[in-house]
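# Chains, contacts and geometry: an overview
This is what each chain is made of:
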Amino acid sequence: MGKIILTGDRPTGRLHVGHYVGSLRERVRLQNSGDFEKIFIMIADAQALTDNAEQPEKVRQNIVEVALDYMSCGIDPEKSVIFIQSMLPELTELSFYYMNLVTVARLQRNPTVKAEIQLRNFEASIPVGFFTYPISQASDITAFRATTVPVGEDQAPMIEQAREIVHKFNTVYGETLVEPEILLPDNRACLRLPGIDGKAKMSKSLGNCIYLADTEEEVRKKVMSMFTDPNHLRVEDPGNVVGNPVFIYLEAFSTPEHFAEYLPEYAGLTELKEHYTRGGLGDVKVKKFLNKVLQEELSPIRARRKALEKDIPYVYEVLKKGSEAARETAAETLSQVRRAMKINYFEDQSLIAEQALKYQNG
Ligand code: TRP
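No experiment lies behind these values; they were computed from the predicted model shown.

### A closer look at the environment of T277
Among the secondary structure elements, T277 is positioned in helix α13 (residues 269-278). Each C-alpha atom of the pair T277 and F40 lies 44 Å from the other, and the pair is 237 residues apart in sequence. If near-sequence neighbours (up to four positions away) are discounted, T277 is found in contact with P238, G239 and V241.

### Here we look at the site of the ligand
In the vicinity of the ligand there are 14 residues, among which M42, Q47, Q137, D140 and Q155 approach most closely. Residue Q47 places a side-chain N or O atom 2.7 Å away from a nitrogen atom belonging to the ligand. Within the side chain of Q137, an N or O atom sits 3.0 Å from a nitrogen atom of the ligand. Compared with its free state, where it exposes 370 Å², the ligand has 92% of that area covered by protein. Counting only elements with at least two residues in the shell around the ligand, the list comes to β1 (3-9) and α8 (133-143). The dominant element in the shell around the ligand, judged by the number of residues it contributes, is β1, at four residues. For the shell around the ligand, the residue count by class is six nonpolar, five polar and three charged.

### Overview of the pattern of salt bridges
Opposite charge on two side chains permits them to pair, given that their charged atoms come into close proximity. This model, assessed by the stated rule, comprises 25 salt bridges. Residue E164 is joined to R106 by a salt bridge in which the shortest nitrogen-to-oxygen separation is 2.8 Å. Linking E164 in helix α9 (residues 156-173) with R106 in helix α5 (residues 104-109), this pair joins segments that are 58 residues apart in sequence. In this structure R106 comes out as buried when scored by relative accessible area, which is 14%. K222 is paired through a salt bridge with D214; the nearest N and O atoms lie 2.6 Å apart. Both residues of the pair, K222 and D214, belong to the buried class. One network of salt bridges, with partners in common, ties together R14, E65, D69, R305, K306 and E309.

### A few points about the packing of aromatic side chains
A complete count under the given rule lists nine aromatic pairs for this structure. Seen from their ring centres, F169 and Y173 are 4.7 Å apart, and the 55° between their planes marks the pair as tilted. Of this pair, F169 and Y173 both sit in helix α9, four residues apart, roughly one helical turn. The class of Y173 is partly exposed, set by a relative accessible area of 26%. Feature note: the residues F40, F83 and F144 constitute an aromatic cluster, connected by ring pairs.

### What about the state of the cysteines?
Taken as a whole and judged by the stated rule, the model has zero disulfides. Not engaged in a disulfide, the cysteine C190 finds its nearest cysteine sulfur in C73; these two sulfurs lie 13 Å apart. C209 carries a free sulfur, and the closest cysteine sulfur to it, the one in C73, is 15 Å from it.

### Focus on α8
Most of α8 sits inside the fold, with 11 of its 11 residues counted as buried. Listed in full, the buried residues belonging to α8 are Y133, P134, I135, S136, Q137, A138, S139, D140, I141, T142 and A143. Of the residues flanking the end of α8, it is R145, one or two places downstream, whose phi is positive at about 55°.

### Brief notes about the pairing of β1
Burial of β1 is extensive: five of the seven residues sit out of reach of the surface. Summarising the sheet, β1 and strand β2 (residues 36-43) pair through seven bridges and their orientation is parallel. Bridge pairing in β2 links I5 to I39. Regarding topology, helix α1 (residues 17-33) serves as the crossover connection from β1 to the parallel β2, and that connection is right-handed.

### Considering the domain arrangement of the protein
For the protein, the assigned domains are domain 1 (4-192 + 312-353) and domain 2 (216-308). For domain 1 versus domain 2, the separation of C-alpha centres amounts to 35 Å. Contacts between domain 1 and domain 2 engage 18 residues on the former and 11 residues on the latter. Counting the surface lost from both domain 1 and domain 2, the interface buries some 1,200 Å², and carbon and sulfur atoms represent 60% of this.

### Focus on the nonpolar core
One broad rule of soluble globular proteins: the nonpolar side chains tend to lie buried together. The biggest cluster of nonpolar side chains holds 60 residues, and the ones touching the most others in it are V17, Y70, I210, L212, Y249, F253 and L272. Both of domain 1 (4-192 + 312-353) and domain 2 (216-308) provide at least three residues apiece to this core. Here L272 is in contact with F247, L250, F259, L263, Y266, L281, V286 and F289, once residues within four sequence places are set aside. Ranked by size, the runner-up nonpolar core spans 42 residues in total, among them L91, F131, V151 and L177.

Rules of the game
- Residues numbered from 1 in each chain as written.
- Predicted model: local features only at pLDDT ≥ 70, side-chain atom pairs only at ≥ 80, totals over all residues.
- Heavy atoms only, no water.
- Helix = DSSP H or I, 4+ residues; strand = E, 2+ residues; numbered from the N terminus.
- Contact = heavy atoms within 4.5 Å.
- Near = heavy atom within 4 Å.
- Polar contact = N/O pair within 3.5 Å; in protein donor to acceptor, adjacent residues only side chain to side chain.
- Areas by Shrake-Rupley, 256 points an atom, 1.4 Å probe, with all protein chains shown as cover.
- Nonpolar A, V, L, I, M, F, W, Y, C, P; charged D, E, K, R; others polar.
- Salt bridge = Lys/Arg side-chain N within 4 Å of Asp/Glu carboxyl O.
- Buried < 20%, exposed > 50% of the residue type's maximum accessible area, 1.4 Å probe, protein only.
- Phe/Tyr/Trp six-rings, centres within 6.5 Å; stacked < 30°, edge-to-face > 60°.
- Disulfide = S-S within 2.5 Å.
- Pairing = 2+ DSSP bridges.
- Right-handed = clockwise from strand over helix to strand, strands pointing away.
- Domains from an automatic or database assignment.
- Buried area = accessible area lost by both parts, 1.4 Å probe.
- Core = buried A, V, L, I, M, F, W, Y, C linked by side-chain atoms within 4.5 Å.

Have a look at this one:
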């Protein structure tokens, strides 16, 4: 059987370069590799509502933003099915059955949920829907019989929990569901790109993101204002490249070709880092290089976005067609699940005959 991808994002804002190196760029590569039988990319609006119940408009507005970001990065609706989670009621039904296979204690131990509860100050007032979203995520994955889930590192506990649910389901009801595997980017720097302020994570609320939709000038300004090594005050001073966002971004984005084109005096990133560490290399020079690298990567994305923005009804049409196609697949899985769980009463002729017989002889 061929390999199948399912992955997605919550539509709570535009996507940024952290999403890009952590997952989007990888998805496009996988899409074009020809190694996968099917690829499903989901806009997780129902999951976004689990912690944005009172902001439905925010979620609604961001669906098209995320779709534009996907397609401008190169996710091609001819090759990948792009769809909206809430358009598939089958996913909700699967979750309801999976809930019986997971304990409250297990959900409480999920490290991602734990961290998010803290981040949102939910503590005593966690919405039940939010608390159970790892179960819903298992439904998203298993509905498509996904073998492969390309996501960022923060999602690892979700995939682990999904695997446990699959294992439990198959043990109780018989071999039905497919156990998924996480696929992380090889490049360590891509796992967690820091914010431009050096904080561990890019986040909209911290205002430290470079968005895929940022203009050339916005990107340039953000790069030039990036946090570096606070002790690297003068050009002559030795600098620290470890944990220095400018260098982490270069790890994630720069290639030997970029060096050949923009900084031919250095053989590559290793030499540039050595010079910075030794002293004698100014931040401005490194930032200007990073800006060129980023612009080269982002400008075709920006151009495709501009073109797509001119035809928003087309983008919605893609989502509608994608949701219809995705729904067919999810419905097939749901009927297998119902059969396995013995809740397929009307399609099970032997059940009806058996019951009839019981009462005939009774
Ligand atoms: N949790 C993911 C995020 O925060 C979104 C998501 C929902 C997802 N369901 C998924 C990702 C299934 C991978 C597989 O962006």
